[in-house]
Amino acid sequence: MRRRKALKIVALAALAPKLDAWGTSACPPGEAWTPSDYQLRFFTAEENELVDQLTEMIIPADPHSPGAHAARVSLFADLMVASSNDAIQKQWRAGLKQMQEEATQSSLAQALAKSALHEGRPATDLERFFAVLKGMTIDGYYTSAIGIHQDLQYQGNTYLSAFPGCTLRVRSAQSGVPSPKSEVS
Amino acid sequence: MSDPRQEFDVCVIGSGAAGGVMAKELCEGGAKVIMLEAGPKVDPSQFLSHKWPYELPYRGLRGEKQAPFHQVSTAIRYENSDQIGVSEVRVVGGRTLHWNAVALRYAARDFRQWSVDGIEEDWPLTYEELAPYYERIEQLIGVCGSDDHLEILPAGKHYLPPIPWRCSEHILHRAAVKMGIPVINVRKAILTVPYDNRPPCHYCGHCMDGCDVSAVFTTPDCLLPKAEITGNFTLRPNTIARELLVDREGLVRAVSVVDRLTKKEEEVKAKLFAVCCATTESARLLLNSQSPQYPSGLANSNGVVGRYLHGHLNDGMDAYLKDFAGVKPFNQDGATDHVYVPRYNHLAGKKDYAGGWGFQVNYASYMFPNQAWRIKGYGAAYKAYVRRVQPGYLMLGTFGKVVARPENRITTDPGHLDEYGTPVPVVHFRFGENDFALWRDSIRSLSEIGANLNAEVFLDFGQAPTGFASHEVGTVRMGKNPKTSVLNGFCQSRDVKNLFVTDGSCFTTSSEKNPTLTIMALSLRAADYIKQQRRRGEL
């Protein structure tokens, strides 16, 4: 339902944060928000540590790029949860507590695996929390400088004097790309 | 600030696509025009278009990148409504500041829903009557694209060069052609060459977050300067219209306004009023304008104002073309849509429902990997997979017809006032039988297209349609029948002859096409009519 939400954003006037709350240049160009002196707003230090470990397990560092820990996803999560409603805050508090309890009985890796067991059709609170935790990790990591530039190596958001069109030779197009002018009607 | 004693020839309320055209045309015709806009001016330097997500506190989520357009909220409420949203943008330029600029003409059959399909009503004007106005608007705003010789999507004579296609769009075209489905150059009010003293697009992919160079048509960049140069134009931002006031003859004499910043109240007087506040707010303004002559609201003697709210139903799919898996990432941003899939369901004969749908293609950002939300699992393999499929992203968004029905409506609630003391608008909307039938056929067809692509496909269907993607229309409709419409074919109120409503609320019915070009053509036609009537001394 991700894209459905995107369509709706057009009409989400009421949810858009007010500009005057942050100003238009909340941080210097090119510098990540979540400043180095960021103070936790919702998580306790212990909770933040747990979120940091869990998000790194969901999107870990690999030879290609750093992971969620380096991208400071737990601090992004803290800001997002801190500015969410009571129900969401309660779910995080309870979910982290439960994850910690599961980890005490086995290990954090096993607790996370248990929570992810029925992804897409969660039946328990722990499984529902996994969906929330993973979604937050995705949002935080792929909007970070590390996620965008180092992992995905995104090439856009730039000024071009002309759009080049399709310049790739791709397998199914090798026998000739149809002309934009050909049509059926 | 205008002199409160001054009377203008025309007061245009709202500065979006409809109001912009109306003000420019009437100023050029010699009328003294005042334009009221509830919101502030937004300078392009305030746009967040090119900001990286990590430069913003919420990373551009929660609609953050469009925050400059949503500084002034209206306390809208939804009651017993399906999953839809109406747009409220209170800013000089209205929705033209963040529209996707798709500029499509309605087809002849789109004005003749009753004659063609036996539902709804025919419009009080034909395509042939509106065609010259479409042509003038296209040349005024600059539209790229091509004439594809399609009956369902009539073309203009003067398009700017089309935008080159992405690889994924060539592949979509190849798959669609085999299914008898056309894929054509998109027609958008985005400049591909310099035009009207504006530079061309720089293909950053952020058209809907505000275009800092005016390559996308907007009212404040393209129309208001033309109005200003006449010396006949006064713009008043941050001025909220609350109620239209009438004289003894029942004509509108003034609009009661409140200054958004100082909360000061006053009346703005004019000989003629053009209401261009868009579908929700125009209906709200008329319904809130109650007087002894018009106890149920202005122009509402038949009780139709606010009714027939409709718009587009939306769905879509994300696909990841396997040919691109693992390809070195490359810049695909472009100008959001480069191609369009016009309506095609009518080509296969009569359906058991009326209307059709079109697909807009690749208007989502290439920066965020939407598949990350769809792919199961976590860990290193998950991360590598998200990365691997990303270059093959292709998305199709469905925009389908919704039937105009009187029970779907905007009302206002006198017991619930906004911070300016005005009753808030309340939306009541349910999809109907025809909408569901059309929606089911559209998702069947979209699934077939997905199956014909060599791709991993994520369909985006819920249990019911959603809408309106900012395309709501119909609450102050024009029509042939005085019992089921408010306006005549020139957007003029039947009850109050110095009142015109030329935004999307004037639509009799809606097609699958994006409404803005038609809104502008109708507003231009109404402006021509006003000029003619003024010359004859009838207004």
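The structure we're discussing is the one just above.
A. A look at the state of the cysteines. In the structure shown here, the tally under the stated rule is one disulfide over all chains. Two residues share a disulfide in this structure: cysteine 166 of chain A and cysteine 167 of chain B, whose sulfurs sit 2.0 Å from each other. Measuring the twist about the S-S bond at about 95 degrees, one finds the cysteine 166 of chain A-cysteine 167 of chain B disulfide to be right-handed. Of the two residues, cysteine 166 of chain A sits in the segment after helix H8 (145–151) while cysteine 167 of chain B sits in helix H4 (residues 167–178), which places them in two different chains. Its relative accessible area of 24% is what places cysteine 166 of chain A among the partly exposed residues. Between cysteine 27 of chain B, a cysteine without a disulfide, and cysteine 11 of chain B, which holds the nearest cysteine sulfur, the sulfur-to-sulfur distance is 12 Å.

B. Quick peek at the sheet that holds strand S3 (residues 77–78) of chain B. Residues and elements named next belong to chain B. Reading across from one edge, S3-S14-S13 is the order of the three strands in this open sheet, with mixed pairing throughout. In this open sheet, the two edge strands, each paired with only one partner strand, are S3 and strand S13 (409–417). Note that S3 and strand S14 (residues 423–428) share two bridges and pair parallel. Residue pairing for S14: arginine 77 is matched across the bridge by valine 426.

C. Molecular detail of the packing of helix H3 (residues 45–58) of chain A against helix H5 (residues 86–105) of chain A. Residues and elements named next belong to chain A. Their axes nearest at 11 Å, the elements H3 and H5 cross at an angle of 75 degrees. When the interaxial angle is binned, H3 and H5 end up roughly perpendicular. Residue-level inspection shows Glu47, Leu50, Val51 and Leu54 of H3 in contact with H5, the latter providing Trp92, Arg93, Leu96, Met99 and Gln100. Grouping the amino acids of the contact of H3 with H5 by side-chain chemistry returns six nonpolar, one polar and two charged.

D. The packing of H3 of chain A against helix H4 (residues 73–82) of chain A, seen in detail. Residues and elements named next belong to chain A. As a packed pair, H3 and H4 sit with axes 8 Å apart at the nearest point and diverge in direction by 120 degrees. Considered as vectors, H3 and H4 are oriented oblique to each other. Crossing handedness for the pair H3 and H4: right-handed. On H4, the residues that touch Asn48, Val51, Asp52 and Thr55 of H3 are Val73, Ser74, Leu75 and Ala77. Considered class by class, the residues forming the contact of H3 with H4 number four nonpolar, three polar and one charged.

E. Structural view of H4 of chain A. Along H4 of chain A, nine of the 10 residues are buried, which leaves the element largely enclosed by surrounding structure. Every buried residue belonging to H4 of chain A is among Val73, Ser74, Leu75, Phe76, Ala77, Asp78, Leu79, Met80 and Val81 of chain A, and all of these are buried.

F. Summary view of helix H3 (residues 127–141) of chain B. All names here are of chain B. Taking 1.5 Å of rise per residue, 15 residues should cover 21 Å, and H3 covers 20 Å from first to last C-alpha, within 8% of that figure. Summarising the contacts, the buried residues of H3 are in contact with helix H1 (17–28), helix H6 (224–228) and helix H11 (516–535). Directly after H3, the chain includes glycine 142, whose backbone phi takes a positive value near 80 degrees.

G. Geometry of unusual backbone geometry. Residues and elements named next belong to chain B. Glycine 467 connects to phenylalanine 468 through a cis peptide bond whose omega is -5 degrees. Positive phi, normally seen in glycine, also occurs at glutamate 120, with a value near 50 degrees. Within the fold, glutamate 120 resides in the loop between helix H2 (113–117) and H3.

H. Just the packing of aromatic side chains, in detail. Going through the model one piece at a time under the given rule, you end up with 28 aromatic pairs over all chains. Considering the side-chain rings of tyrosine 320 of chain B and tyrosine 393 of chain B, the 5.3 Å spacing of their centres and the 25 degrees angle between planes classify their relative orientation as stacked. A residue pair is termed long-range when its members are at least 10 positions apart, and tyrosine 320 of chain B in strand S9 (residues 312–321) and tyrosine 393 of chain B in strand S12 (residues 393–401) qualify at 73 residues. Taken individually, tyrosine 320 of chain B and tyrosine 393 of chain B each receive the classification buried, so the pair is uniform in this respect. Each ring, one from tyrosine 344 of chain B and one from tryptophan 357 of chain B, has its centre 5.6 Å from the other, and the planes form 85 degrees; the classification is edge-to-face. Taken together, the residues tyrosine 344 of chain B in the loop between strand S10 (339–341) and strand S11 (357–361) and tryptophan 357 of chain B in strand S11 connect sequence positions 13 residues apart. The class for tryptophan 357 of chain B is buried, based on a relative accessible area of 1%. One residue, arginine 93 of chain A, lies across the ring of phenylalanine 42 of chain A, its end atom 4.0 Å from the ring centre. For the cation-ring pair, arginine 477 of chain B lies above tyrosine 308 of chain B, with the distance from its terminal atom to the ring centre recorded as 3.6 Å.

Here is what the cut-offs are and how they apply
Residues numbered from 1 in each chain as written. Chains lettered and ligands numbered in written order. Predicted model: local features only at pLDDT ≥ 70, side-chain atom pairs only at ≥ 80, totals over all residues. Heavy atoms only, no water. Disulfide = S-S within 2.5 Å. Helix = DSSP H or I, 4+ residues; strand = E, 2+ residues; numbered from the N terminus. Buried < 20%, exposed > 50% of the residue type's maximum accessible area, 1.4 Å probe, protein only. Pairing = 2+ DSSP bridges. Axes fitted to C-alpha atoms, helices over the stretch in contact; angles between N-to-C directions. Parallel < 35°, antiparallel > 145°, perpendicular 65-115°, else oblique. Contact = heavy atoms within 4.5 Å. Nonpolar A, V, L, I, M, F, W, Y, C, P; charged D, E, K, R; others polar. Left-handed = near helix turned anticlockwise from the far one by under 90°. Expected span 1.5 Å × (residues − 1). Phe/Tyr/Trp six-rings, centres within 6.5 Å; stacked < 30°, edge-to-face > 60°. Lys NZ or Arg CZ within 6 Å of the ring centre and 35° of its normal.

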